[in-house]
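Each chain, letter by letter, is given below.
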Amino acid sequence: MGSHRSGTGSRGVARWLIAAVAAVVVIAAVAAAMVWLSGRSEQEGRDAAASCVRGDLAVQVAVAPALVGPLQRVAESFNGSGAVSADYCAKIEVMGIDSPVALNALTGTWDPKLGPVPSLWIPESTVWTARLAAAKPAEVSGQPTSVASSPVVLAVRGSARPGFDGVRWLDLPTRQEQLRIALPTGADADGTYLAAQSVAAAVGRTAGAALSEDAAKSPVVVGSLSRWGKDAPKSTTAGAALEALTRPGDALRAVPVTEQQLAAFARGRGDAVPVAVYPEGPTAAATYPAAVLDREETTDAHDRAAADFVTYLTERGNAKPLAEAGFRVVGQPAPAKTASVEFGTIEPLAPASNGAVISLVETMNRR
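Residues numbered from 1 in each chain as written. Predicted model: local features only at pLDDT ≥ 70, side-chain atom pairs only at ≥ 80, totals over all residues. Heavy atoms only, no water.

## Details of the overall build of the chain
Move 1: Along the chain, the regular secondary structure elements total 13 helices and ten strands.
Move 2: In the chain, which comprises 367 residues, the proportion classed as buried is 45%.
Move 3: Counting contacts in the chain only where the partners sit at least 6 residues apart, residues at least 24 apart contribute 80% of the total.
Move 4: Accessible surface for the chain amounts to roughly 18,100 Å². Of this, 54% is attributable to carbon and sulfur atoms. (Helix = DSSP H or I, 4+ residues; strand = E, 2+ residues; numbered from the N terminus. Buried < 20%, exposed > 50% of the residue type's maximum accessible area, 1.4 Å probe, protein only. Contact = heavy atoms within 4.5 Å. Areas by Shrake-Rupley, 256 points an atom, 1.4 Å probe, with all protein chains shown as cover.)

The following block contains the structure:
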């Protein structure tokens with residue numbers, strides 16, 4: 001009877017296969033480690049940026065006095081948002097400075113008594129930024145950005161209101177003896193210069209288009225504005241004129257101011273306040289231009305942070321405090337109607353060129 005051989009050994013695994021598997025495992029482990037280290041490095045970079053590796057950076061913003069309250073609220077929101085500019089946590093500090101004072105300091109030597117040198121300036125209108133750009137063009141970084149607006153109106157004594165029915169910007173110089181409109185110049189007198197733009201556009205027949213420098217210097221425009229100013233009742237400031245309009249008298253019947261300026265003045269004063277009249281025709285507005293300043297006393301980081309704040313301010317919803325203070329803001333409802341200001345629809349006048357703005361200011365200041 002035959003028998004079968006029984007084997008007790010097992011077949012061996014080829015050594016080359018074992019080596020190949022081991023190599024694959026090592027390569028996979030190295031690749032995984034590299035991916036992990038790369039991800040960790042990127043995360044550490046993000047964490048470092050988010051934690052402001054260069055610390056806090058105080059950024060000064062000089063603004064027209066009417067903007068101080070609402071912009072401080074916006075600044076608080078920005079400062080608490082965790083925004084990072086050039087590896088710094090920018091901390092916006094808002095300070096109110098009358099625009100003529102700020103202009104003199106920025107075109108000359110900054111007075112430390114005014115506070116630290118600003119990286120951003122937001123005056124009432126291009127009346128001020130145009131003159132800074134003309135005097136020191138290298139110090140204005142790019143084109144200023146409008147953060148709000150407020151059209152010019154005539155603040156009219158209540159008893160004189162019927163005499164202004166249907167009035168047009170075109171009519172004002174020839175009807176000055178009857179209308180008795182004060183035309184102050186100075187710190188709070190942007191209304192005068194904006195009214196001059198509206199009158200000049202009407203006289204120059206621009207049909208709402210931007211007034212050019214040549215048109216602003218034309219004999220018909222200069223003559224009309226000079227005649228209007230020559231016959232104007234005397235008044236030192238717009239604030240003084242508004243106060244005069246609340247008291248008995250008839251020598252002064254109106255003064256041009258912005259909507260927001262009149263609404264703020266009238267708040268809490270009862271019925272004895274001037275009312276806004278909107279002359280017919282394209283109407284200029286204060287545009288509150290935010291000008292990033294490029295000065296020797298500030299750094300690129302300050303400039304970047306200032307620009308980031310302007311971007312934040314113009315993003316939808318962030319400028320709500322300005323709308324609540326009576327300014328018109330893109331994306332926000334118009335301010336609520338009051339007894340003195342309607343905040344109604346106006347026919348906008350395109351912003352005048354810097355040269356035209358400066359020419360009109362000079363004409364009004366020559367009186």
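From this point, the discussion proceeds with the structure in view.
## So, the confidence of the model for the chain
Move 1: In this model, the chain carries an average pLDDT of 88, and 86% of its residues clear a pLDDT of 70 or more.
Move 2: The low-confidence segment residues 1-11, where pLDDT is below 50, has zero contacts with residues more than four positions distant or belonging to other chains.
Move 3: Confidence over residues 35-49 falls short of pLDDT 50; this stretch has two contacts with residues more than four positions distant or in other chains. (pLDDT = per-residue confidence, 0-100.)

## Some points on the state of the cysteines
Move 1: According to the stated counting rule, one finds one disulfide in the structure shown.
Move 2: The partner cysteine of cysteine 52 in its disulfide is cysteine 89, sulfur to sulfur 1.7 Å. Between cysteine 52 and cysteine 89, the S-S dihedral sits near 65°, and the bridge is therefore right-handed. Linking cysteine 52 in the loop between helix H1 (15-50) and strand E1 (56-63) with cysteine 89 in strand E3 (residues 88-96), this pair joins segments that are 37 residues apart in sequence. The pair formed by cysteine 52 and cysteine 89 is uniform in burial state, with each residue classed as buried. (Disulfide = S-S within 2.5 Å.)

## Observations regarding the sheet that holds E1
Move 1: Strand order in the open sheet formed by six strands is E2-E3-E1-E4-E10-E5, with mixed pairing between adjacent strands. Each end of this open sheet is capped by a strand with a single partner; those strands are strand E2 (84-85) and strand E5 (140-146).
Move 2: In terms of strand pairing, E1 meets strand E4 (residues 120-122) through three bridges, oriented parallel. Paired with alanine 62 across the strands is tryptophan 121, a residue of E4.
Move 3: Along the sheet, helix H11 (residues 300-314) contacts E1, E2, E3, E4, E5 and strand E10 (289-293); its crossing angle with E1, the most-contacted strand, is approximately 65°. (Pairing = 2+ DSSP bridges. Axes fitted to C-alpha atoms, helices over the stretch in contact; angles between N-to-C directions.)

## As for the side chain of threonine 129
Move 1: Along the chain, the position of threonine 129 falls in helix H4 (residues 126-135).
Move 2: The class of threonine 129 is buried, set by a relative accessible area of 7%.
Move 3: Ignoring any residue separated from it by four or fewer positions in sequence, one finds threonine 129 in contact with Trp121, Pro123, Pro144, Pro289 and Ala291.

## What about the packing of aromatic side chains?
Move 1: Following the criterion strictly, the structure yields three aromatic pairs and no others.
Move 2: For the pair phenylalanine 78 and phenylalanine 309, a centre-to-centre distance of 5.4 Å together with 80° between the ring planes defines the contact as edge-to-face. Highlighted residues: phenylalanine 78 in helix H2 (residues 68-79) and phenylalanine 309 in helix H11, separated in sequence by 231 residues.
Move 3: We classify phenylalanine 309 as buried; its relative accessible area is 0%.
Move 4: Taken together, a centroid distance of 5.2 Å and an interplanar angle of 70° make the contact between phenylalanine 78 and tyrosine 312 edge-to-face. Of the two residues, phenylalanine 78 is situated in helix H2 and tyrosine 312 in helix H11; the sequence distance between them amounts to 234 residues. There is no split in this pair, since phenylalanine 78 and tyrosine 312 are both buried.
Move 5: Through a chain of ring-to-ring contacts, three or more aromatic side chains come together here, namely Phe78, Phe309 and Tyr312.
Move 6: When the ring centre of phenylalanine 265 is taken as origin, the NZ or CZ atom of arginine 269, which lies over that ring, is 3.9 Å away. (Phe/Tyr/Trp six-rings, centres within 6.5 Å; stacked < 30°, edge-to-face > 60°. Lys NZ or Arg CZ within 6 Å of the ring centre and 35° of its normal.)

## What to know about the pairing of E3
Move 1: Where E1 lies against E3, eight bridges are found, and the strand directions are parallel. Within E3, the position partnered with glutamine 60 by the bridge is glutamate 93.
Move 2: Pairing analysis gives two bridges linking E2 to E3, with the strands arranged antiparallel. Its bridge partner being in E3, valine 84 is matched across the sheet by cysteine 89.

## Quick notes on the pattern of salt bridges
Move 1: For the coordinates displayed, the defined rule picks out 13 salt bridges.
Move 2: Residue arginine 161 pairs with aspartate 165 through a salt bridge whose shortest N-O separation is 2.7 Å.
Move 3: Salt-bridge contacts for arginine 269 lead to glutamate 243; the nearest nitrogen and oxygen are separated by 2.8 Å. A residue pair is termed long-range when its members are at least 10 positions apart, and arginine 269 in the loop between helix H10 (259-266) and strand E8 (275-277) and glutamate 243 in helix H9 (residues 238-245) qualify at 26 residues. (Salt bridge = Lys/Arg side-chain N within 4 Å of Asp/Glu carboxyl O.)

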